[in-house]
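As a plain string of letters, each chain reads:
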Amino acid sequence: MSQVQTIFKNMSWLFISQIVASICAFIWTVLMARYLGVTKYGIFGFATSLTSILMVTTDLGLNTHIVRHIATDYDSAPKYLGNAIPLKCIFGVGTMILTLIILILMKTDELTFTVTLLFTIEMVLKTLTYLLNGSFQAFEEGKYQGIENTLLHVILLIFILITIFGDFDIIGIAISYILANAIAFGYAYYALEKNITKPKFELDFPFCKEITHLSLPFAIISLLYVIYYSIDIVMLTNMVGPYASGIYNATYKLISVLTLFYSVYTAVIFPVMSKFFNDDEAMLLISFEKSIKYLMLAIIPIAVATVFYSNDIIHLIYGHKYDAASSVLCILIWTVCLLFISGATTTLLNASHKEVAVTKIYAIAAVFNIVLNLFMIPYLSYDGAAITTVLSDVLIVIIQGYVIYKSGHRPNKKLYIDIMKIIFGSTILGIALYFLNLNMWVALPVGIIIYFAAVYLLRVFDYDDKYVIKEILGKN
């Protein structure tokens with residue numbers, strides 16, 4: 001099987017899984033937002049955002065470092081995993097203590113305090129599962145990650161439905177997350193041991209110290225990454241209140257559904273890029289260029305359409321209580337486009353052992369994000385937080401472009417031409433939607449036809465793209 005076919009096979013498993021997961025997440029997001037109301041949904045957003053930031057203290061970059069290493073040396077997996085799992089458990093205990101201290105210092109109310117602690121337990125289980133999923137990625141066995149992801153989301157949806165119909169409130173929802181993640185971790189470990197490799201459990205302290213030291217740049221990257229993507233909800237809660245964070249969180253959860261293809265693609269492409277860095281730098285650059293092109297091809301027209309129908313989307317999904325979220329959606333949708341570019345570039349830099357450069361980029365962006373939020377949130381509330389997020393992403397893309405240019409990983413000029421064609425095709429779509437002024441449901445099929453016609457006429461797909469398609473189909 002060729003590398004392209006292997007990538008497609010893994011992407012197929014993960015993509016199908018992510019479609020199921022996104023449908024489940026969409027259903028429970030809508031039900032939870034309506035069931036909890038704006039204020040309690042804001043508490044939920046605060047708890048999940050704070051624990052996302054603190055997840056770094058449980059992971060400390062181990063996942064990324066181990067995936068990159070195992071992808072180039074399968075025989076090292078038992079030792080790496082056998083030390084990393086107990087090490088993460090120790091880090092998890094430390095994270096629980098740190099969370100307690102932070103909540104006490106922030107003087108949170110009793111409900112927020114309890115919910116956040118419960119989600120901290122869920123986060124520890126989640127990061128252990130991420131480690132096993134990283135192993136599936138390294139061995140290019142996406143099937144097992146796909147099954148685990150599907151299992152997690154289906155079970156979580158069932159538990160949330162039980163919680164809502166049983167009226168167990170937000171505490172019941174937090175416990176649902178814990179139980180679902182515990183079951184998912186159990187399956188992932190079973191699949192790893194039975195089908196791929198068996199961890200050799202030990203606590204080799206010199207080895208643990210070494211891998212922790214090597215993982216720290218990735219930990220810093222992750223911390224800075226989640227700070228500028230999660231700190232806004234924490235700041236909104238403390239500066240404006242849970243209602244504002246509820247509005248913002250509802251929109252954020254909605255656009256996160258759009259990142260499904262990005263998350264699948266990067267999960268598959270990172271170990272592949274790591275191999276290309278060692279074996280074929282030309283293919284490394286080609287894989288990066290194609291990543292940008294295909295991700296932009298998918299997301300830019302969606303962003304354009306979302307701006308036109310933001311009011312309809314928010315009203316349909318959340319009801320009139322969340323009408324204020326439509327302006328946030330119009331702004332935040334563009335952060336998804338920028339995330340696709342910065343995510344692919346970060347993957348390239350991490351695979352190329354330039355994680356220190358990535359750390360510096362995200363440090364600048366995190367500081368920029370926090371400082372700008374301090375000015376924007378008091379005046380513009382959730383809209384200010386959304387604008388800050390987009391501007392932070394713009395800054396990251398600009399700095400990343402400079403870094404890859406200086407490092408010699410300069411994309412072919414054709415990539416820029418292809419992106420301009422995609423933007424032009426999406427502009428045609430926007431103009432058509434503006435003048436046609438169609439109902440959202442009618443606009444969906446009409447917009448798809450208009451966009452793909454524009455893409456075809458602009459000849460966005462070239463010989464290389466056709467070759468990739470044929471390779472996937474096994475016709476080369």
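Conventions we followed
Residues numbered from 1 in each chain as written. Predicted model: local features only at pLDDT ≥ 70, side-chain atom pairs only at ≥ 80, totals over all residues. Heavy atoms only, no water. Salt bridge = Lys/Arg side-chain N within 4 Å of Asp/Glu carboxyl O. Helix = DSSP H or I, 4+ residues; strand = E, 2+ residues; numbered from the N terminus. Buried < 20%, exposed > 50% of the residue type's maximum accessible area, 1.4 Å probe, protein only. 1 Å grid on protein atoms, 1.4 Å probe; cavity = no way out; pocket = protein on both sides within 12 Å on 5 of 7 lines; lining within 4 Å. Points joined across faces, edges and corners; volume = space filled by probe spheres on them. Nonpolar A, V, L, I, M, F, W, Y, C, P; charged D, E, K, R; others polar. Core = buried A, V, L, I, M, F, W, Y, C linked by side-chain atoms within 4.5 Å. Contact = heavy atoms within 4.5 Å. Axes fitted to C-alpha atoms, helices over the stretch in contact; angles between N-to-C directions. Parallel < 35°, antiparallel > 145°, perpendicular 65-115°, else oblique.

Draft legend 1. Region of interest: the pattern of salt bridges. One pass over the full model with this rule turns up seven salt bridges. The residue Asp169 makes a salt bridge to Lys40 at a minimum N-O spacing of 2.9 Å. Highlighted residues: Asp169 in helix H6 (residues 169-195) and Lys40 in helix H1 (residues 3-59), separated in sequence by 129 residues. A relative accessible area of 24% places Asp169 in the partly exposed class. Ionic pairing is found between Lys79 and Glu202, a salt bridge with its closest N-O pair at 3.1 Å. With Lys79 in helix H3 (residues 77-106) and Glu202 in the loop between H6 and helix H7 (205-239), the pair connects residues that are 123 residues apart, well separated along the chain.

Draft legend 2. How the structure looks around the layout of surface pockets. In this structure, the second largest pocket encloses a volume near 310 Å³. Lining the second largest pocket are 14 residues, with Ile341, Gly401, Ile404, Pro411 and Tyr416 sitting closest to its centre. Every element with two or more residues in the lining of the second largest pocket is listed here: helix H10 (281-308), helix H12 (325-351), helix H13 (355-407) and helix H14 (413-436). Tallied by class, residues from the lining of the second largest pocket come to 10 nonpolar, three polar and one charged.

Draft legend 3. Region of interest: the nonpolar core. Among the nonpolar cores identified, the biggest contains 131 residues, and Trp28, Tyr177, Tyr248 and Tyr322 are the most heavily contacted of them. Of all the elements, H1 adds the most residues to this core, at 17 residues. Apart from residues lying up to four places away in sequence, Trp28 is in contact with His153, Leu156, Leu157, Ile160 and Tyr177.

Draft legend 4. Spatial organisation of the packing of helix H8 (residues 242-256) against helix H11 (residues 310-318). Interaxial distance between H8 and H11 falls to 12 Å at its minimum, and their mutual angle equals 100°. Judged by the angle between their axes, H8 and H11 are roughly perpendicular. Across the interface between the two elements, Ala250, Lys253 and Leu254 from H8 touch Ile313, Ile314, Ile317 and Tyr318 from H11. Grouping the amino acids of the contact of H8 with H11 by side-chain chemistry returns six nonpolar, no polar and one charged.

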